[in-house]
Amino acid sequence: MDIRSFLTDRTQQVTYNGSLSAVQWVLLGVPQGRYWGPLLYVLYTAELCHIVMRHQLKLHQYADDCQVYITVPVDAADVQAAVESLAPLIRLLHTALYKTVLID
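What comes next concerns the included structure. (Residues numbered from 1 in each chain as written. Predicted model: local features only at pLDDT ≥ 70, side-chain atom pairs only at ≥ 80, totals over all residues. Heavy atoms only, no water.)

### Describing the overall build of the protein chain
For step 1, the next point in the chain: Assigned secondary structure in the protein chain consists of three helices and six strands.
For step 2, the next point in the chain: Starting at the N terminus, the α and β elements of the protein chain follow one another as α-β-β-β-β-α-β-β-α.
For step 3, the next point in the chain: With the principal axes as the frame, the protein chain shows a C-alpha extent of 50 × 35 × 20 Å.
For step 4, the next point in the chain: The 104 residues of the protein chain split such that 17% are buried.
For step 5, the next point in the chain: Look at the contacts in the protein chain between residues 6 or more apart in sequence, and 40% of them connect residues 24 or more apart.
For step 6, the next point in the chain: For the protein chain, the exposed area adds up to about 8200 Å²; of that, 58% sits on carbon and sulfur atoms.
For step 7, the next point in the chain: Side-chain charges of the protein chain comprise 7 positive and 9 negative groups, with the mean position of each set lying 6 Å from the other. (Helix = DSSP H or I, 4+ residues; strand = E, 2+ residues; numbered from the N terminus. Buried < 20%, exposed > 50% of the residue type's maximum accessible area, 1.4 Å probe, protein only. Contact = heavy atoms within 4.5 Å. Areas by Shrake-Rupley, 256 points an atom, 1.4 Å probe, with all protein chains shown as cover. Lys, Arg positive; Asp, Glu negative; His and termini not counted. Charge placed at Lys NZ, Arg CZ, Asp CG, Glu CD.)

### Observations regarding the pairing of strand 6 (residues 65-69)
For step 1, the next point in the chain: Bridge analysis of strand 5 (residues 58-62) against strand 6 gives five bridges, and the strand direction is antiparallel. Within strand 6, the position partnered with Y62 by the bridge is D65. (Pairing = 2+ DSSP bridges.)

### Overview of unusual backbone geometry
For step 1, the next point in the chain: For D9, which is not glycine, the phi torsion reads 55 degrees and is therefore positive.
For step 2, the next point in the chain: Looking at the secondary structure, you find D9 in the loop between helix 1 (3-7) and strand 1 (10-12).
For step 3, the next point in the chain: The class for D9 is exposed, based on a relative accessible area of 69%.
For step 4, the next point in the chain: A positive phi angle is found at N17, which is not glycine, with a value near 55 degrees.
For step 5, the next point in the chain: In this structure, N17 sits in the loop between strand 2 (15-16) and strand 3 (19-20).
For step 6, the next point in the chain: The class for N17 is exposed, based on a relative accessible area of 72%.

### Some points on helix 2 (residues 36-54)
For step 1, the next point in the chain: Here helix 2 spans 28 Å end to end across 19 residues, near enough to the 27 Å set by a 1.5 Å rise per residue.
For step 2, the next point in the chain: The sharpest bend along helix 2 comes to roughly 35 degrees, located at T45.
For step 3, the next point in the chain: What helix 2 keeps buried is the set W36, G37, L40, T45, L48, I51 and V52.
For step 4, the next point in the chain: In the segment just after helix 2, Q56 is the residue with positive phi, at about 55 degrees. (Expected span 1.5 Å × (residues − 1). Bend = angle between axes of the 7 residues up to and from the residue.)

### Considerations on the side chain of R10
For step 1, the next point in the chain: Along the chain, R10 falls in strand 1.
For step 2, the next point in the chain: For the buried R10, which has no salt bridge, the nearest side chain bearing the opposite charge is D9, at an N-O separation of 8.8 Å.
For step 3, the next point in the chain: Once you skip the residues sitting within four places of it in the chain, R10 turns out to touch Q24, W25, V26, L28, G29, V30 and P31. (Salt bridge = Lys/Arg side-chain N within 4 Å of Asp/Glu carboxyl O.)

### Examining a nonpolar patch on the surface
For step 1, the next point in the chain: A cluster of nonpolar residues, W25, L27 and L28, forms a patch on the protein surface that exposes about 460 Å² of accessible area.
For step 2, the next point in the chain: Positionally, L28 belongs in the loop between strand 4 (24-26) and helix 2. (Patch = residues over 30% accessible without salt bridge, like charges linked within 9 Å, V, L, I, M, F, W, Y side chains within 5 Å.)

Shown next, in the form of C-alpha cells:
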C-alpha cells in the first residue's frame, strides 16, 4: 500500500441510535490503526514545533493531541496583552498547518 492510496478516496458512515448516515467523503485526517498514522502525524505537526519555538510559545504533545499555550503573571494587564498577542499567532498556526500537504 502506498501513501497516496492510504490518504485519498476515503469515505465514512456513522451509525447512531440504529440509524445509518449517508456516505460522506473524508477530505482531511489520517486513518487510525495503521503504521502510516504516527509517521504522518509527526510530519504534519513538525512545522507547528518550529513556529512555537520561534514565537516563544509552549507546546504540549501527547499521542495525537497538541496544545499550544503561554504562561503569564496573574496581573490583569499582562493577561490581556498575552491574549491579544495570541490572535495573530493562532492565525499563523492555522495557515501553516492548513498548508502542510502530504500529497498533491
